[in-house]
Amino acid sequence: MMHSFPIRVYYEDTDMAGIVYYANYLRYIERARSDWVREIGIDQLAMKAQGVVFAVRRVEADYIQPARFDDALDVHTALVKLTPARMIMAQKVLRGDDVLFTADVTIACIGAGGKPVRLPAELRLMPISPAS
């Protein structure tokens, strides 16, 4: 199951060279993951009220090509690995068919005091996408 999330590059996203500032790709993929979680029916505010939140544990990123002002981008997100305590998401930022950025993101759940807890049951039952 692959999720797609559209992004438009605004002037504020770019650096002095007119390309997307590298840290903004992390914002783009965060928005896409949040949208994916919402779309599969997980209420992060309800989780937080129960003392459980998602936390990024690891990001491995590759910057392949630059995005520029006013580009229309799509962020593709796929769940590629799942354990009771963490999930690994493969994410790509594309402009048309061109891959600009890729990241493998490990997400965990933490509870009170920052201690690891199990992922929500809805997530533990999700189908895994083949690695791409």
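See above for the structure.
Residues numbered from 1 in each chain as written. Predicted model: local features only at pLDDT ≥ 70, side-chain atom pairs only at ≥ 80, totals over all residues. Heavy atoms only, no water.

**What to know about the nonpolar core**
Point 1. Core analysis: the largest hydrophobic core is formed by 29 residues, its most contacted members being Tyr28, Phe54, Leu73, Val75 and Met87.
Point 2. For this core, the elements supplying multiple residues, two or more each, are strand E1 (2–8), helix H1 (22–39), strand E3 (72–82), strand E4 (86–95) and strand E5 (98–110).
Point 3. Residues within four places of Phe54 in sequence aside, it is in contact with Val37, Ile42, Gln44, Met47, Met87, Ile107, Ala108, Cys109, Leu119, Pro120 and Leu123. (Core = buried A, V, L, I, M, F, W, Y, C linked by side-chain atoms within 4.5 Å. Buried < 20%, exposed > 50% of the residue type's maximum accessible area, 1.4 Å probe, protein only. Helix = DSSP H or I, 4+ residues; strand = E, 2+ residues; numbered from the N terminus. Contact = heavy atoms within 4.5 Å.)

**Concerning a nonpolar patch on the surface**
Point 1. A cluster of nonpolar side chains, Tyr21, Tyr22, Leu26, Val56, Val59 and Tyr63, forms an exposed patch at the surface whose accessible area comes to about 560 Å².
Point 2. Only H1 and strand E2 (53–63) provide two or more residues apiece to the nonpolar patch.
Point 3. Examining the composition of the nonpolar patch, we find that 3 residues originate from one element, E2, more than from any other.
Point 4. One can find Val56 in strand E2.
Point 5. Judged by its relative accessible area of 43%, Val56 falls in the partly exposed class. (Patch = residues over 30% accessible without salt bridge, like charges linked within 9 Å, V, L, I, M, F, W, Y side chains within 5 Å. Areas by Shrake-Rupley, 256 points an atom, 1.4 Å probe, with all protein chains shown as cover. Salt bridge = Lys/Arg side-chain N within 4 Å of Asp/Glu carboxyl O.)

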